[in-house]
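Understanding the architecture of this molecule
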Amino acid sequence: MTTAARTHAATDADPAPWWRQAVVYQIYPRSFADADGDGLGDLRGILARVDYLSELGVDAVWLSPFYPSALADGGYDVADYRDVDPRLGTLDDFDALVQQLHDRGIRVVVDIVPNHTSDRHVWFQEAVAAGRGSAARDRYVFREGSGPAGDLPPTDWLSMFGGSAWERVEDGQWYLHHFAVEQPDLNWAHPEVRSDFIRTLRFWADRGVDGFRIDVAHMLTKDLSEPLPSKAELDTRPLDGTHPLLDRDDVHDVYAEWRKVLDSYDPPRTAVAEAWVAPARIPLYASPTSLGQAFNFDLLEADFDAAQFRSVVENNLALAARSGSSSTWVLSNHDVVRHATRYGLPAPGRTAEGRPTHRHGREWLLAGGVSDLDVKGGLRRARAATLFLLGLPGSAYLYQGEELGLHEVADIPAALRQDPTHTRSRGFDVGRDGCRVPLPWSSSGPSLGFGPGPAHLPQPGWMARYAVTEQENDPGSTLNLYRLALQLRRRLLEGEDLQWRTTGRPDVLRFARHGGFEVVTNFGPTDAPLDGGQVLLSSGEMRHDVLPAETTVWLRPHG
Ligand code: GLC
């Protein structure tokens with residue numbers, strides 16, 4: 001096991017919890033490594049790569065869902081919360097994986113998806129069969145339709161993935177689904193729903209899981225008293241804990257119960273909320289009586305820009321201080337365009353409504369803008385942003401493939417796209433498949449070392465150049481930058497504070513950490529003078545006393 005002292009200035013008597021400054025590596029299992037050759041990544045594939053994870057130097061892995069699923073939403077449609085999808089392996093494989101990771105000092109975080117089940121879940125099958133008014137329907141949100149014949153949805157609410165948030169079953173009732181049709185929302189007012197998730201948490205915690213990532217943690221509890229409001233009415237309601245559907249204060253009653261369960265383990269199990277809420281509401285999720293930590297997606301939403309980065313850091317350190325938690329930093333995950341690509345897009349224009357175009361890159365992908373991408377510049381900025389992020393106090397969440405400097409795969413043919421956001425929006429949204437293309441492990445083979453056969457999403461030819469085998473022996477590769485950064489971070493990190501230093505340039509940020517190192521990032525397009533210090537690591541080539549454009553350096557100041 002890792003020791004907390006490795007990442008935090010803790011005394012033996014009072015070791016800081018391991019997660020406060022951990023590097024957590026997100027694995028999207030179906031696209032990581034395929035051992036059995038069916039085209040889908042699997043647990044044995046991960047098992048065969050534990051040495052890779054150990055050499056990378058991560059403190060924990062977070063496994064996106066590997067549970068039985070019809071894959072209507074890449075596994076976030078869970079048919080059984082306490083099993084492994086047979087295509088991905090068995091519970092024995094899972095136990096072996098936990099053992100192997102723990103043997104290398106790597107913790108394991110799994111995904112819990114409590115807002116909705118899959119429509120293949122036994123509860124939903126029962127609900128459909130049992131008919132209106134049944135106890136089985138009460139575990140979900142069933143309502144009669146509107147209109148004289150009840151053949152219109154109960155309300156005009158929209159699903160996050162496009163289209164109506166209601167779907168009709170054969171006997172004429174409608175059920176609520178905030179995501180795909182295959183993801184019916186659960187009724188969190190139902191005691192059995194509550195107790196079953198506690199059983200699930202215990203099931204995985206008993207198997208040695210160290211923590212949980214809670215999917216759409218802000219959506220579970222709902223005020224569904226009649227009459228249900230219209231979408232227009234909902235849109236006028238403040239997001240202050242009283243909104244009928246989002247970020248309600250009463251969701252923390254659920255998490256307070258979970259926290260007691262998590263704290264009953266030794267060591268206590270961690271949890272991190274995926275909660276897309278107003279910044280001021282984040283500390284509620286990160287509080288020690290709730291989940292304990294929450295994602296902060298602000299860097300992921302920021303441009304590569306010094307002023308934006310600085311205010312994101314300041315705001316989030318203040319929010320973390322307010323909750324007593326540590327901050328989290330994220331540049332990429334399985335839901336967004338990879339950051340190397342976001343930073344390589346041409347300067348955004350404005351839509352007719354005045355919104356910046358391709359802020360997150362999806363509009364650009366849709367417009368087929370592959371030839372506009374600044375491939376090198378995007379990666380240069382991504383490396384600088386990552387090294388900036390890894391120097392910050394708090395925990396860093398990395399997404400598989402970013403350590404290879406991968407770009408988004410922009411040109412997946414529409415017929416091969418799998419993401420429901422693409423189909424449900426009738427192609428209006430290009431979807432999230434471009435960051436979920438299987439990893440290139442080697443520069444040849446039917447799926448670039450991903451597995452013995454073709455991969456479930458096609459890998460473009462250029463991916464071969466980013467393969468692990470191509471990067472391993474190249475000292476300047478992105479893979480080696482990540483490895484060195486994680487090694488150094490482990491040695492240098494102390495305390496959870498930072499001090500800003502003046503730089504004389506608005507496009508250069510510099511901060512010092514307690515462990516005696518400084519991080520300097522030049523966000524600008526021209527060289528900046530760099531005074532003093534031994535260069536420990538840099539995201540690009542350095543020249544004496546000069547910090548080149550769009551580069552980060554870690555320094556140990558002289559004296
Ligand atoms: C979260 C997941 C996303 C999924 C959605 C519904 O936002 O990260 O991938 O589609 O929840 O479960």
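The preceding data block contains the structure.
This section reports on the structure supplied with the text. Please read these numbers as outputs of a predicted model, since none were measured by experiment. (Residues numbered from 1 in each chain as written. Predicted model: local features only at pLDDT ≥ 70, side-chain atom pairs only at ≥ 80, totals over all residues. Heavy atoms only, no water.)

**Brief notes about the pairing of strand β18 (residues 551-556)**
β18 sits mainly inside the fold: five of its six residues count as buried. Pairing between strand β14 (residues 517-522) and β18: five bridges, direction antiparallel. In the sheet register, T521 faces β18, and the bridge partner there is T552. Both strand β16 (residues 534-538) and β18 contribute to a ladder of four bridges, which runs antiparallel. Note that in β18 the partner of V535 across the bridge is L555. (Buried < 20%, exposed > 50% of the residue type's maximum accessible area, 1.4 Å probe, protein only. Helix = DSSP H or I, 4+ residues; strand = E, 2+ residues; numbered from the N terminus. Pairing = 2+ DSSP bridges.)

**Describing the sheet that holds strand β5 (residues 166-168)**
Two strands in a sheet stick together by hydrogen bonds in their backbones, pointing the same way (parallel) or opposite ways (antiparallel). Taken together, the three strands give an open sheet; going across it, the order is β4-β6-β5, and neighbouring strands pair in antiparallel fashion. Where the open sheet ends on each side, the last strands, each with one partner, are β4 (142-143) and β5. Judged from the two bridges that link them, β4 and strand β6 (residues 174-176) form a sheet pairing that is antiparallel. Following the sheet pairing, F142 is matched in β6 by Y175.

**What about helix α3 (residues 91-103)?**
Across its 13 residues, α3 extends 18 Å between first and last C-alpha, which sits within 8% of the 18 Å expected from 1.5 Å per residue. L91, D93, F94, L97, V98, L101 and H102 are the residues of α3 that are buried. Relative to the axis of α3, the buried residues are bounded by an arc of 165 degrees and lie together on one face. Among the exposed residues of α3, those pointing more than 90 degrees away from its buried face are D92 and D103. Where the residues of α3 are buried, they touch α1 (43-47), α2 (50-56), β2 (60-63), β3 (107-112) and α5 (191-206). Following α3 by one or two positions, G105 has its phi on the positive side, about 80 degrees. (Expected span 1.5 Å × (residues − 1). Arc of directions from axis to C-beta. Contact = heavy atoms within 4.5 Å.)

**Some details on the site of the ligand**
The local shell around the ligand holds 14 residues, among which D73, D215, E274, H334 and D335 are the closest. Within the side chain of H334, an N or O atom sits 2.9 Å from an oxygen atom of the ligand. In this structure, an oxygen atom belonging to the ligand sits 2.5 Å away from a side-chain N or O atom of D335. Out of a free accessible area of 310 Å², the ligand has 96% covered by protein chains. Its residues assigned to classes, the shell around the ligand shows four nonpolar, three polar and seven charged. (Near = heavy atom within 4 Å. Polar contact = N/O pair within 3.5 Å; in protein donor to acceptor, adjacent residues only side chain to side chain. Areas by Shrake-Rupley, 256 points an atom, 1.4 Å probe, with all protein chains shown as cover. Nonpolar A, V, L, I, M, F, W, Y, C, P; charged D, E, K, R; others polar.)

**Here we look at the nonpolar core**
The biggest cluster of nonpolar side chains holds 136 residues, and the ones touching the most others in it are Y25, L53 and W258. The biggest single contributor to this core is helix α13 (residues 375-390), with eight residues. Apart from residues lying up to four places away in sequence, L53 is in contact with Y25, I27, F32, I46, V58, V61, L101 and I106. In terms of nonpolar packing, the next biggest core, distinct from the first, is built from ten residues, V141, W166, L176 and L228 among them. (Core = buried A, V, L, I, M, F, W, Y, C linked by side-chain atoms within 4.5 Å.)

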